[in-house]
Amino acid sequence: MKEIPKVSVIVPVYNTGEYVEIAINSIIGQTLRDIEILVINDGSTDKSPEIINKLSLQDNRIKVFSQDNQGLSCSRNAGILQAEGEYLYFMDSDDYLEPDALERCYDKCQNYDLDFVFFDAAILNPDTARDLGLSYQRNKYTDENRIYTGLEVLNILLDNKAYSPSACLNFIKTDFVKTKTMMFYPGIIHEDQLFTGLLYLQAEKVMCIHENFFRRRIRENSIMTNRFSLRNMDSYFIVADELLKYVEKHPQTKETMDKYLSGMLNAAVWLSYKMPFKDRLHIAQYCLSRYREYVTGKNLLILLFKSFVKK
């Protein structure tokens, strides 16, 4: 009988040849040995394929899958479909995971029969990220000895402006993802906002670990650091529409989702004020027609007129 691995680590790779070996080695070196490492080469055109194929020859836990470039969502979905482990972890190919992360998450999920456990993160290169105002610390607001429902802890994090949508900060039961048919929405950016939002909304048993297990690398020309564009905003609109579809079927989540969407959309609208006027006008009209409940009048005025105000 085939032995089921304890964890499936899904690592999408697209042109991260400078960092991918560090990222995958941080998974290879985990103290929890009974894992599978599913590396999805998403049409890389740099040296990434050579590096990941070399690593796969050195460790038989690594399985490499290649596809034409389809984006992060499709790469993660391909990994979910291949996953055989009891739990899932989504690793980015330019970051780093502390050696005992998977073991401690696995033990906690097993001991308390959790749907998922979440943890914190730190920045690998803080000087590069100093102007982004990023923080992945939730230890002030959550008790790692308490079992929450996903809705409970989401409210706590939103109320304290401590929520992070990153999929890389969650260690999730595979059956939960597959039973709920949770997949990443293809063709958009900010896909984590949707996936992780639905994760919290549906989970019954959630705990946290107050450790910076994940180390995020901030890179130039990444989705996080590129100039905010209409593609960003249109992706946020898709996320909002999908979450509202969920709320229609689960009205008990509306109050929480109102907070979630208000925070997400107001932040996105504020970031849009440097776009060309025709794009800003499109965003304003769309917000007024569909999201007036969530976007403040002040932010709409900033969107339309801030670029005209002299500094």
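The rules we used
Residues numbered from 1 in each chain as written. Predicted model: local features only at pLDDT ≥ 70, side-chain atom pairs only at ≥ 80, totals over all residues. Heavy atoms only, no water. Pairing = 2+ DSSP bridges. Helix = DSSP H or I, 4+ residues; strand = E, 2+ residues; numbered from the N terminus. Contact = heavy atoms within 4.5 Å. Axes fitted to C-alpha atoms, helices over the stretch in contact; angles between N-to-C directions. Buried < 20%, exposed > 50% of the residue type's maximum accessible area, 1.4 Å probe, protein only. Polar contact = N/O pair within 3.5 Å; in protein donor to acceptor, adjacent residues only side chain to side chain. Core = buried A, V, L, I, M, F, W, Y, C linked by side-chain atoms within 4.5 Å. Phe/Tyr/Trp six-rings, centres within 6.5 Å; stacked < 30°, edge-to-face > 60°. Lys NZ or Arg CZ within 6 Å of the ring centre and 35° of its normal. Salt bridge = Lys/Arg side-chain N within 4 Å of Asp/Glu carboxyl O. Expected span 1.5 Å × (residues − 1). Arc of directions from axis to C-beta.

Concerning the sheet that holds strand β6 (residues 116-123)
So, step 1. Pairing is mixed across the open sheet formed by eight strands, whose spatial order is β3-β2-β1-β4-β7-β6-β8-β5. Taken across any chain shown, the strands that pair with only one partner, and hence form the sheet edges, are β3 (62-67) and β5 (96-97).
So, step 2. Across six bridges, the pairing between strand β2 (residues 35-42) and β3 is parallel. Looking across to β3, one finds that I37 is bridged to I62.
So, step 3. Along the sheet, helix α2 (residues 48-58) contacts β1 (7-13), β2 and β3; its crossing angle with β3, the most-contacted strand, is approximately 150°.
So, step 4. Contacts from helix α3 (residues 72-82) reach β1, β2, β3 and β4 (87-90), with the element oriented near 145° to β2.

Section: the side chain of D95
So, step 1. Tracing the backbone shows D95 in the loop between β4 and β5.
So, step 2. Judged by relative accessible area, D95 falls into the buried class, the value being 1%.
So, step 3. A polar side-chain atom of D95 sits 2.5 Å from the main-chain amide nitrogen of R217.
So, step 4. Beyond its immediate stretch of four places on either side in the chain, D95 contacts I22, A23, L124, F214, R215, R216 and R217.

Focus: the environment of E144
So, step 1. Structurally, E144 can be placed in the loop between β6 and α5 (150-159).
So, step 2. Counting along the chain gives 49 residues from E144 to D95, while the straight-line C-alpha distance between them is 25 Å.
So, step 3. Excluding residues within four positions of it along the chain, E144 makes contact with K108, M207, C208, I209 and H210.
So, step 4. One polar contact links the side chain of E144 to the main-chain amide nitrogen of H210, over a distance of 2.9 Å.

Some remarks on the nonpolar core
Side chains that are nonpolar tend, in soluble globular proteins, to be buried together.
So, step 1. Membership of the largest hydrophobic core comes to 57 residues, with the highest contact counts inside it found for F90, M233, Y260, L261 and L265.
So, step 2. Top contributing element to this core by residue count: helix α8 (residues 230-249), with eight residues.
So, step 3. By size, the runner-up hydrophobic cluster in this structure holds 40 residues, among which are V13, L32, M91 and F171.

Focus: unusual backbone geometry
Trans peptide bonds make up most of the peptide bonds, and negative phi angles are found at most residues other than glycine.
So, step 1. Positioned with a positive phi, K161 is a non-glycine residue whose angle comes to about 50°.
So, step 2. Along the chain, K161 turns up in the loop between α5 and β7 (170-173).
So, step 3. Phi is positive for H190, which is not a glycine, with a value near 65°.
So, step 4. Tracing the backbone through its elements, the reader meets H190 in the loop between α6 (174-179) and α7 (191-202).

A few points about the pairing of β6
So, step 1. The buried fraction of β6 amounts to eight of the eight residues, a majority that puts the element mostly inside the structure.
So, step 2. In terms of strand pairing, β6 meets β7 through three bridges, oriented antiparallel. By the bridge assignment for β7, F116 is matched with I172.

Comments concerning the packing of aromatic side chains
So, step 1. Using the criterion set out here, one finds 16 aromatic pairs in the structure.
So, step 2. Relative to Y286, the ring of F237 lies with its centre 4.5 Å away and its plane at 40°, an arrangement referred to as tilted. Note that F237 is positioned in helix α8 and Y286 in helix α10 (residues 277-290), a separation of 49 residues in sequence.
So, step 3. With a centroid separation of 5.8 Å and an interplanar angle of 55°, the aromatic rings of Y286 and Y291 are classed as tilted.
So, step 4. One residue, R76, lies across the ring of F184, its end atom 4.9 Å from the ring centre.

Re the pattern of salt bridges
So, step 1. Under the defined criterion, the tally for this structure stands at 19 salt bridges.
So, step 2. Across the pair D192 and R76 runs a salt bridge, and its minimum N-O distance is 2.6 Å. With D192 in helix α7 and R76 in helix α3, this pair connects stretches of sequence that are 116 residues apart. Of the two residues, D192 and R76, both sit in the buried class.
So, step 3. In this structure, K254 and D258 form a salt bridge, with 2.9 Å as the shortest nitrogen-oxygen distance.

Concerning helix α4 (residues 101-112)
Residues three or four positions apart in an α-helix share a direction because the helix packs 3.6 residues into each turn.
So, step 1. Over its 12 residues, α4 runs 17 Å from end to end, which matches the ideal 16 Å to within 8%, given 1.5 Å per residue.
So, step 2. Turning to α4, its buried residues number three or more, namely A101, L102, C105, Y106, K108 and C109. Across the axial projection of α4, the buried residues extend over an arc of 165°, all falling on one side.

Section: the environment of K140
So, step 1. Along the polypeptide, K140 turns up in the loop between β6 and α5.
So, step 2. C-alpha separation for the pair K140 and G17, spaced 123 residues apart in sequence, amounts to 36 Å.

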